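Structure at a glance
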Amino acid sequence: QVQLVESGGGFMQPGGSLRLSCAASGFTFSIYALSWYRQAPGKERELVAAISSARGTTNYADSVKGRFTISRDNAKNTVYLQMNSLKPEDTAMYYCNAKLNILSHWGQGIQVTVSS
């Protein structure tokens, strides 16, 4: 049974940091490309960060470059999103995704709220 379970979200003041984790099971984690998406109320889901399976190549949305870092630990079947210098506009539901060709698995999402 495929599972992706996010953790580490919550409430943070602007300028603070949070680290999201996504623990995977039920598939060969190491060969999947991994991504974090987010969706704010009334907006479409958007790609935040991605990391490839082979070389660990990363790419980021312009809005988070220099603030967020995606990483993966294949030994722990976990992908992380380190979020620094958080802004109110980072408030959203965050989802992790694992993709291999036409296969795509999603987590249930976790809320991140940035507010003073």
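This text follows the structure it describes.
Residues numbered from 1 in each chain as written. Predicted model: local features only at pLDDT ≥ 70, side-chain atom pairs only at ≥ 80, totals over all residues. Heavy atoms only, no water.

Overview of the pattern of salt bridges
In plain terms, the rule: Just to be clear on terms, a salt bridge is a Lys or Arg side-chain nitrogen sitting within 4 Å of an Asp or Glu carboxyl oxygen. In this description a helix means any DSSP run of H or I spanning at least four residues, a strand means any run of E spanning at least two, and both kinds are numbered starting from the N terminus. Each residue gets one of three labels from its accessible area relative to the maximum for its type: buried under 20%, exposed over 50%, partly exposed in between, using a 1.4 Å probe on protein chains only.
A full pass over the atoms with the stated rule returns 4 salt bridges. With a closest N to O distance of 2.9 Å, R38 and D90 form a salt bridge. In this pair, R38 sits in strand 4 (residues 33–39) while D90 sits in the loop between strand 8 (78–83) and strand 9 (92–100), placing the two residues 52 residues apart along the sequence. Classification of D90 as buried rests on a relative accessible area of 0%. Among the charged side chains, a salt-bridge network with shared partners connects R38, E46, R67 and D90.

A few points about the state of the cysteines
Applied cut-off: The criterion for a disulfide is a pair of cysteine sulfur atoms lying within 2.5 Å.
A complete count under the given rule lists 1 disulfide for this structure. Across the disulfide, C22 is cross-linked to C96 (sulfur-sulfur distance 2.0 Å). Linking C22 and C96, the disulfide has an S-S dihedral of approximately 40° and is accordingly described as right-handed. Of this pair, C22 sits in strand 3 (residues 18–25) while C96 sits in strand 9; the two residues are 74 residues apart in sequence, bridging distant segments of the chain.

Let's talk about the nonpolar core
Put simply, the rule reads: Residues belong to a common nonpolar core when they are buried Ala, Val, Leu, Ile, Met, Phe, Trp, Tyr or Cys residues joined through side-chain atoms within 4.5 Å. What makes two residues a contact is simply this: any of their non-hydrogen atoms within 4.5 Å.
One finds W36, L81, M83 and Y94 to be the most contacted residues of the largest nonpolar core, which totals 29 residues. Where this core is concerned, the elements lending two or more residues are strand 3, strand 4, strand 5 (46–51), strand 7 (68–73), strand 8, strand 9 and strand 11 (110–114). Those residues within four positions of Y94 in sequence are excluded, and the remaining contacts are E6, L20, W36, Y37, R38, V48, F68, L81, M83, G109, I110 and V112.

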